[in-house]
Amino acid sequence: MELGVVGLPNVGKSTLFNAITKAGAESANYPFCTIEPNVGVVAVPDERLEVLTKLYNAKKTTYASLKFVDIAGLVKGASKGEGLGNRFLASIRECEAIVHVVRCFIDPNITHVEGSINPIRDIETINLELALADLEGVKTRLEKAEKRIKQGDKDAALEVSALKKLEQLLDKGQPARLASLTAEEQVFVNSLFLITTKPVIYACNIAESDLGKPEDEIEFVKDVKAYAQKENAEVLVISAKVEQELTELDDEERQLFLEDLGLKESGLDRIIKIGYRLLGQISFLTAGEKEVRAWTITKGTKAPGAAGKIHSDFEKGFIKAEVVPYETLVECGGYLGAKEKGKVRVEGKDYVVQDGDVMLFRFNV
């Protein structure tokens, strides 16, 4: 799963990226310090793997991974090449969801490209550039589809219908994900890889002194929440500075620090949970003495598709899957205990994999 981290210059974007990936992207008090998209891959925290590793005395533990792409600060005119322009818009297209960092703190020592703090204005600046970038592509496709209709191509009518709906929204600076589409139109739109169809998490970067306060009492956050609700986006309240401080602590100190701040979990953990929910992702598990591992799949995936995540041969030669829910496996003390108690299910090709299923695949190639 790949998340693109975007935002205006000096909103704390690269600071947050550094904190959640420990990748060390350069961070400085001036625009465009990120001149190449930085990529960081992080392990997805999963306590179930730790339990299974001890249960099986496994030699190796492999967590699911999440990729963050830190994309240079966008500015007005990015869709037409201003700042670092289309070069970085292309990087966003390759991501599955967007983490849009919004400055919700006041600090006279950190400049703002617009000279004042106004989160909604900042959001609309970025969203307009993303919409304009999509609009250009939609208009080009629409012209071609309309020509095909004149040439007697009946299949082009579906494309024209969908593209006109997108054009109407994008022309107003609104995201394509708000379009009311039929199921057939949605399939077509998915093939366009538009930036504004991607799910968005607005990350409100607040001051450390605001952590622990009710979110609706924090200056600017309430406005961002109201804006996000209109376009079906998620909101995450986070302090990039605190997240960076957390990376410098060991596990015990980190937990104590979070408790002192009135937080149950880090910003990274919350981003992962929101990202998984937005993209409909779950994890199934495999366990043995050699390795305990989590595998990320899309919710609704059937057993052969899950097997294919491990190896394509598993999917091609799929025979059956032996399945035990994680909680049941732990209660029974392992696979053998679960089997003795009749808790191991044998599932076929139509079984829809559930989050936390511990699976053993049988196949023949």
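Coordinates for the structure precede this section.
What you see is a predicted model; the values in this text were computed from it and never measured. (Residues numbered from 1 in each chain as written. Predicted model: local features only at pLDDT ≥ 70, side-chain atom pairs only at ≥ 80, totals over all residues. Heavy atoms only, no water.)

Enquirer: I'm lost on a negative patch on the surface in this one. Help?
Expert: On the surface, a cluster of negative charge is made up of E47, E50, D250, D251, E252 and E253. Mapped onto the negative patch, the elements with two or more residues apiece are helix 2 (47-56) and helix 9 (251-260). At three residues, helix 9 tops the list of elements feeding residues into the negative patch. By the element assignment, E50 lies in helix 2. Since its relative accessible area comes to 43%, E50 is described here as partly exposed. (Patch = residues over 30% accessible without salt bridge, like charges linked within 9 Å, V, L, I, M, F, W, Y side chains within 5 Å. Areas by Shrake-Rupley, 256 points an atom, 1.4 Å probe, with all protein chains shown as cover. Salt bridge = Lys/Arg side-chain N within 4 Å of Asp/Glu carboxyl O. Lys, Arg positive; Asp, Glu negative; His and termini not counted. Charge placed at Lys NZ, Arg CZ, Asp CG, Glu CD. Helix = DSSP H or I, 4+ residues; strand = E, 2+ residues; numbered from the N terminus. Buried < 20%, exposed > 50% of the residue type's maximum accessible area, 1.4 Å probe, protein only.)

Enquirer: What is the right way to look at the side chain of K13 in this model?
Expert: For K13, the location among the structural elements is in helix 1 (residues 13-21). Taking the relative accessible area as the measure of exposure, K13 reaches 6% and is therefore buried.

Enquirer: What is the right way to look at the state of the cysteines in this model?
Expert: Working definition of a disulfide: a covalent bond connecting the sulfur atoms of two cysteines. Enumeration according to the criterion identifies zero disulfides in this entry. A disulfide-free cysteine, C204 has its sulfur positioned 4.0 Å from the sulfur of C104, the nearest such atom. (Disulfide = S-S within 2.5 Å.)

Enquirer: Sorry, what's going on with the packing of helix 5 (residues 156-170) against helix 6 (residues 183-190) here?
Expert: The axes of two packed helices give the description: the angle between them and the distance between them. Axis separation between helix 5 and helix 6 bottoms out at 9 Å; the angle between their running directions is 75 degrees. As the angle between them shows, helix 5 and helix 6 are arranged roughly perpendicular. Counted together, L158, E159, S161, A162, L163, K165 and L166 of helix 5 and E184, E185, F188 and V189 of helix 6 form the full contact between these two elements. Of the residues contributing to the contact of helix 5 with helix 6, the split by class is six nonpolar, one polar and four charged. (Axes fitted to C-alpha atoms, helices over the stretch in contact; angles between N-to-C directions. Parallel < 35°, antiparallel > 145°, perpendicular 65-115°, else oblique. Contact = heavy atoms within 4.5 Å. Nonpolar A, V, L, I, M, F, W, Y, C, P; charged D, E, K, R; others polar.)

Enquirer: Would you mind showing me how to read the pairing of strand 1 (residues 2-6) here?
Expert: A regular strand carries its side chains on alternate faces of the sheet. Most of strand 1 sits inside the fold, with five of its five residues counted as buried. The alternating pattern of strand 1 places E2, G4 and V6 on one face and L3 and V5 on the opposite face, and all of these are buried. Inspection of the sheet shows strand 1 paired to strand 4 (residues 65-70) by four bridges, in the parallel sense. Residue pairing in the sheet places E2 in a bridge with K67 of strand 4. Of the pairings in the sheet, the one linking strand 1 to strand 5 (residues 97-103) comprises four bridges and is parallel in character. Residue V5 lies in a different strand from strand 5, and its bridge partner there is V99. (Pairing = 2+ DSSP bridges.)

Enquirer: Explanation requested: the packing of aromatic side chains in the structure shown.
Expert: Aromatic ring pairs: the centre-centre distance and the angle between the two ring planes describe each pair. The final tally for this structure, using the stated rule, is five aromatic pairs. Taking 6.3 Å as the distance between ring centres and 15 degrees as the angle between the ring planes, the aromatic pair formed by F284 and W295 counts as stacked. One end of the pair, F284, is in strand 8 (residues 281-287); the other, W295, is in strand 9 (residues 292-298), with 11 residues separating them in the sequence. A relative accessible area of 11% means that W295 is categorised as buried. Counting every residue linked through ring pairs, the aromatic cluster contains F284, W295, F318 and F361. The side chain of R293 reaches across the aromatic face of W295, ending 4.0 Å from its centre. (Phe/Tyr/Trp six-rings, centres within 6.5 Å; stacked < 30°, edge-to-face > 60°. Lys NZ or Arg CZ within 6 Å of the ring centre and 35° of its normal.)

Enquirer: Would you explain the environment of L166 in this entry?
Expert: Secondary-structure assignment places L166 in helix 5. Classification of L166 by relative accessible area gives buried; the value is 0%. For the pair L166 and L178, spaced 12 residues apart in the sequence, the C-alpha separation amounts to 8.8 Å. Sequence-distant contacts of L166, that is, excluding residues within four places in its chain, are made with V138, A176, A179, V189, L192 and L194.

Enquirer: Quick question: what am I supposed to make of the pattern of salt bridges here?
Expert: Two side chains of opposite charge can pair, provided their charged atoms sit close to one another. Going through the model one piece at a time under the given rule, you end up with 19 salt bridges. Among the salt bridges present, the one from R148 reaches E159, with a minimum N-O distance of 3.0 Å. Of this pair, R148 sits in helix 4 (residues 119-150) while E159 sits in helix 5, and the two are 11 residues apart along the sequence. When its relative accessible area of 26% is taken as the criterion, R148 is described as partly exposed. Using a relative accessible area of 15% as the deciding quantity, one classes E159 as buried. The salt bridge involving D350 is made with K302; its shortest N-O contact spans 3.8 Å.

It is worth stressing that arrangement in space is one thing and function is another; only the former is reported here.
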